[in-house]
Amino acid sequence: MNHKRESIWFRSLWCAGLVGAAGLLPPAWGESIPAAAPAGIPVIEFKDAQIPAAVHAIAATIKLVPSPTRAGGQALEVGFKGRVNETGVNIRPDTPWNWSAQGDCHLAFDVINPGDYPVDLVATIKQRSGASVTRRAAIPVGLQPVTCFFVLKGAELVVDSGQAGDPPAWPTHEVQFVGGKRGNRQLDLAQIVSVSLTTVDTAHDKRLVFDGFRIVANPPSDPHHLVGICDEFGQNAKVEFPGKVHSAAELKQRAEAELAGLSRSRPPGDRSQFGGWKGGPHLKATGYFRTEKVGGKWSLVDPEGYLYFALGIANVRMANTPTITGVDFREPTLRTVNPEDVTPEDSKGFIATSAAARNTRFITSELRHKMFTWLPAYDDPLADHYSYERSVNMGPVKHGESFSFYEANLERRYGETSPRSYLAKWRDVTVDRMLDWGFTCLGNWADPMFYHVNKIPYFANGWIIGDFKTVSSGLWAPMPDPFDPEFVRRAKITLRVVGEEVKDSPWCVGVFVDNEKSWGRVGSFESQYVIVLSALKMDAAESPTKAAFVRLLKEKYGAIDVLNKAWETSLPSWDALAKTVAVKARNSAVKADFSAMLQAYASEYFRVVRDALREVLPHHLYMGVRMAGWGMNPEVVAAAKKYTDVVSYNHYKEAYVEEEWDFLKEVDMPSIIGEFHMGSTSDTGMFHPGLIYAADQSDRARMFKEYVEAIADSPYFVGAHWFQYTDSPLTGRAHDGENYNIGFVSNTDIPYPEMVQAAKALSATLYQRRFGSQFHRGK
């Protein structure tokens, strides 16, 4: 038996509060195994020498092996291939499964991981209509069977708690598949056509052994499973885990110990004051950050002329630390929004409530309010950490009171010698941490309080919001109409504010504007060109984008008959095109024109923002819009290349798979990863890992280090920013419910030692790894 794997498996259960001191482990693989099959209705069985016809490999190897849970039985071993987009198995019967008679139930199966790496397992269950539900679970390394379950039907699926992930609805030692914060959570159980178990962009080849697929009736739900889950420090109140704080005195003691260590820290001797590599070539110094291709690799160059890799942490601010308390106020002025604001509601700082407003207090959600074992009275010193959310996108309330346990813990840690002095201390400690851990910058959404510390570079940011015209994107938000003069005006207003905050500081690397815009999704014609399709249905008299498309087409075709022939339409005139029009043909001419229109649209967006930035910060880099992985349309990337200095992408995958980024060879621009992360619930008390699942903190640290090393090896990437500095609130960040273990520090502001150690090890060899021995100081 591999005792290291055994201990990892056991520790993960213990840390989650699932195994007590006297808990017994199940028998190891190969030891005495009970012959009885697990309870439940079998979904698929592995009885014969051949793999059932319903089982299909997806870029994977599959074979039958001895069952780890049933004496004399067989199980399915799946070999997941590393560095491919999707790999795994799809179980697809000839006729759909009908599980509708089972009532409240879940799909369960047993799995062991005999490989060398934990597996972020993606389970997707699909019904005949095409609708599907996808959830994930981390499968730790170990030879002990782990039972996983995927809830199919139950009251907990219809409860909107305002959390992306909830604790299991009943006491269990099993691993629950956890889903995203949006989308359908239930299925038509009478028409289930497939169950797939896959990994996506995994860094290594991996193996799992599956057995005992069955439908099981849900145990009785605990009516209090969402009651009293959050303690006075914002931690899980119901379980113990490493690093848990039990008193304010303990919290302060830990802070003092960390501060003593930071006071002895010194930066590496081969770094410039801006974090550049003094051991490399000394290039032209301009006094600001710039880009240059050096030795066949794109690089940032710091103000002193040294090669610079932007390794940083994003979202270092208080704006996303509050969580909804379930309280609201009848005072309507709290919800008044200034139409000239340049910051969206989900990025605003704290909004205070007056005594008069508090007199109108009422409980708007008992569900939310009962989650907390403690909230401060309004005359408590820690009541300063209440705020108000004027709009909430997820959960049982649409607006209401919020509270930041993280900020309250900062006051507990550092005290308050003058109004909000703990924030100044937090700022200084954060900078010291970044330098000690080896980071070279603060990523997007750094609080402006860091802008003039002049000890660590940062990236500024802005949002273009306002009452300008829009175009439907078919995704989570309408897109701005960049041809609308009001959009141009709002862009200039936003960038003026950014310019006033930065004040031409050389410590500002560049500026990100907006984030993860809904450009369309590569995959089908309709999803890729949704903006063009939507705009064409609009009237040019009301839509500046539609008017711009009409002009572009008139310039190309001249006569409407020529366009009609190309598009297989019968429009009587250009005026008819300017009205609402739907194009049904999907021939090569239509595709070429739609591609040109989308690129024209994106180009205008980037041009407007670039010009507004150049007016106020002519020496600083335009970092683009941080495109989401699903929104990297080639037309948008081409437009970004024309107007940005660095093209930015948010890439939430376990690994950087080079083949998926082949387009960078053609783009040949400096690029940056604006967001990535990994998280775990096994040893944190958190309810949701994040977008990429790790088995525990050691696994998370390994994944972080491997990800950045792969980015540093690319000749195109000039940096990578981890998202984010702190864990999400346990009970969900206020505006959208994210409650992820994604921080370098917990909600008690205690660093995760595994992550810190990984960052230090990474930083120690980062520049040598990226640029190698080809450069020597002075050359």
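It should be emphasised that the depicted structure is a prediction, and the values quoted were computed from it without experimental measurement.

Our focus in this paragraph is the nonpolar core. Membership of the largest hydrophobic core comes to 143 residues, with the highest contact counts inside it found for Trp-519, Trp-567, Phe-594, Phe-606, Met-627 and Phe-704. By residue number, the principal contributor to this core is helix 13 (residues 588–616), which donates twelve residues. Within the second largest apolar cluster, 40 residues are counted, among which are Val-43, Phe-80, Trp-99 and Ala-123.

What follows concerns the pattern of salt bridges. Taken as a whole and judged by the stated rule, the model has 46 salt bridges. Close ionic contact of Lys-244 with Glu-240 constitutes a salt bridge, the shortest N to O distance being 3.8 Å. Here Asp-611 ties to Arg-607 by a salt bridge, and the two come within 2.8 Å at their closest N and O atoms. With a gap of four residues between them, Asp-611 and Arg-607 both fall in helix 13, about one helical turn apart. The class of Asp-611 is partly exposed, set by a relative accessible area of 26%. Connected via shared salt-bridge partners are Glu-258, Arg-413, Arg-433 and Asp-749.

Attention now goes to the side chain of Arg-358. Here Arg-358 lies in helix 3 (residues 355–358). With near-sequence residues (within four places) excluded, Arg-358 lies in contact with Phe-329, Thr-353, Tyr-378, Ala-383 and Tyr-386.

As a further point, take empty space enclosed by the protein. In the structure shown here, the tally under the stated rule is six cavities of 30 Å³ or more. Here the largest cavity is characterised by a volume of approximately 70 Å³. Lining of the largest cavity is provided by Ala-319, Pro-322, Glu-345, Asp-346, Lys-348, Gly-349, Phe-350, Ile-351, Ser-387, Tyr-388, Glu-389 and Arg-390. When the residues that make up the lining of the largest cavity are grouped by side-chain class, the tally is five nonpolar, two polar and five charged.

Attention shifts here to the environment of Ala-169. Topologically, Ala-169 is positioned in the loop between strand 9 (142–153) and strand 10 (175–176). Along the primary structure Ala-169 and Pro-118 are separated by 51 residues, whereas in three dimensions their C-alpha atoms are 25 Å apart. Those residues in contact with Ala-169 that sit more than four places away from it in its chain are Glu-156, Ser-221, Asp-222 and His-225.

With that settled, the discussion passes to the pairing of strand 8 (residues 132–139). Most of strand 8 is tucked away: six of the eight residues are buried. Strand direction decides the pairing type here: strand 7 (residues 119–127) and strand 8, joined by eight bridges, are antiparallel. Residue pairing for strand 8: Ala-123 is matched across the bridge by Arg-135. Hairpin connection from strand 7 to strand 8: four residues lie between these consecutive antiparallel strands, with Gly-130 at a positive phi of about 105°. Inspection of the sheet shows strand 8 paired to strand 11 (residues 178–179) by two bridges, in the antiparallel sense. Its bridge partner being in strand 11, Arg-136 is matched across the sheet by Val-178.

Here we take up unusual backbone geometry. One can expect most non-glycine residues to show negative phi and most peptide bonds to be in trans. With an omega of 20°, the peptide bond running from Phe-723 to Gln-724 counts as cis. Note on placement: Gln-724 falls in the loop between strand 33 (717–723) and helix 17 (753–764). With phi around 60°, Arg-420 is a residue other than glycine that occupies positive phi space. With respect to the secondary-structure elements, Arg-420 resides in the loop between helix 5 (405–414) and helix 6 (421–437). Backbone geometry at Asn-454 places phi at a positive 60°, although glycine is not the residue there. The topology assignment puts Asn-454 in the loop between strand 24 (441–442) and strand 25 (458–462).

Pairing in this open sheet of four strands is antiparallel, and the strands run 14-17-16-15 from one edge to the other. The sheet terminates laterally at strand 14 (277–282) and strand 15 (290–294), the two strands that pair on one side only. Averaged over all neighbouring strand pairs, the angle between strand axes comes to 55°, with direction disregarded.

Viewed as axis vectors pointing N to C, helix 5 and helix 6 meet at an angle of 90°, and their least axial separation amounts to 9 Å. The angle between helix 5 and helix 6 places the two elements in the roughly perpendicular class. Note on element contacts: helix 6 touches helix 5 through Tyr-422, Leu-423, Lys-425, Trp-426, Val-429 and Arg-433, opposite Tyr-406, Glu-407, Leu-410, Glu-411, Arg-413 and Tyr-414. Among the residues making up the contact of helix 5 with helix 6, the classes are represented as seven nonpolar, no polar and five charged.

The next thing to look at is the packing of aromatic side chains. Evaluated as defined, the whole model comprises 50 aromatic pairs. With a centroid separation of 6.0 Å and 70° between ring planes, the pair formed by Tyr-649 and Phe-663 is classed as edge-to-face. Taken together, the positions of Tyr-649 in strand 31 (residues 647–650) and Phe-663 in helix 15 (residues 663–667) put the pair 14 residues apart, joining distant regions of the chain. Lying across the ring of Tyr-378, Arg-358 places its NZ or CZ 4.3 Å from the centre. In this structure, Arg-626 packs its charged tip against the face of Phe-512, placed 5.8 Å from the ring centre.

Conventions and cut-offs
Residues numbered from 1 in each chain as written. Predicted model: local features only at pLDDT ≥ 70, side-chain atom pairs only at ≥ 80, totals over all residues. Heavy atoms only, no water. Core = buried A, V, L, I, M, F, W, Y, C linked by side-chain atoms within 4.5 Å. Buried < 20%, exposed > 50% of the residue type's maximum accessible area, 1.4 Å probe, protein only. Helix = DSSP H or I, 4+ residues; strand = E, 2+ residues; numbered from the N terminus. Salt bridge = Lys/Arg side-chain N within 4 Å of Asp/Glu carboxyl O. Contact = heavy atoms within 4.5 Å. 1 Å grid on protein atoms, 1.4 Å probe; cavity = no way out; pocket = protein on both sides within 12 Å on 5 of 7 lines; lining within 4 Å. Points joined across faces, edges and corners; volume = space filled by probe spheres on them. Nonpolar A, V, L, I, M, F, W, Y, C, P; charged D, E, K, R; others polar. Pairing = 2+ DSSP bridges. Axes fitted to C-alpha atoms, helices over the stretch in contact; angles between N-to-C directions. Parallel < 35°, antiparallel > 145°, perpendicular 65-115°, else oblique. Phe/Tyr/Trp six-rings, centres within 6.5 Å; stacked < 30°, edge-to-face > 60°. Lys NZ or Arg CZ within 6 Å of the ring centre and 35° of its normal.

Function cannot be read off these values alone, since they describe shape.
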